[in-house]
Amino acid sequence: MKRYCQTLELYDDKELIEAYVAEHAHVWEEVKAGIREVGITDMQIYIDGNRLFMIMDTTEEFHMERDYARLAAQHREEVWEAHMAKV
């Protein structure tokens, strides 16, 4: 298993952050399947204020650049990302 940790600074807007969290409580099943398909076995997201912290466990074969690109190319992932960009 590999573990990756990433941080992201969100817009400092309480309503947008609440909407972001609410949407992630209902991630589409096809997106979850795509995440598993590329080798991500677990993903946890925490938010403190406007700072997002993600912990991601993957298979040993997972390669961040290659497999994120594979994930991004999946149709439902593209739709999900476009949807989340509106939040």
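**What about the sheet that holds strand β3 (residues 51–58)?**
Here 3 strands make up an open sheet; going across it, the order is β1-β3-β2 and the pairing antiparallel. On the outer flanks of this sheet lie β1 (2–9) and β2 (40–48), each paired with one strand and no other. Across the sheet, the mean angle separating the axes of adjacent strands is 15° when strand polarity is ignored. Looking at chain direction, β1 and β3 are connected through 8 bridges and run antiparallel. From the neighbouring strand, Arg-3 faces β3, where its bridge partner is Asp-57.

Scoring rules and cut-offs
Residues numbered from 1 in each chain as written. Predicted model: local features only at pLDDT ≥ 70, side-chain atom pairs only at ≥ 80, totals over all residues. Heavy atoms only, no water. Pairing = 2+ DSSP bridges. Helix = DSSP H or I, 4+ residues; strand = E, 2+ residues; numbered from the N terminus. Axes fitted to C-alpha atoms, helices over the stretch in contact; angles between N-to-C directions.

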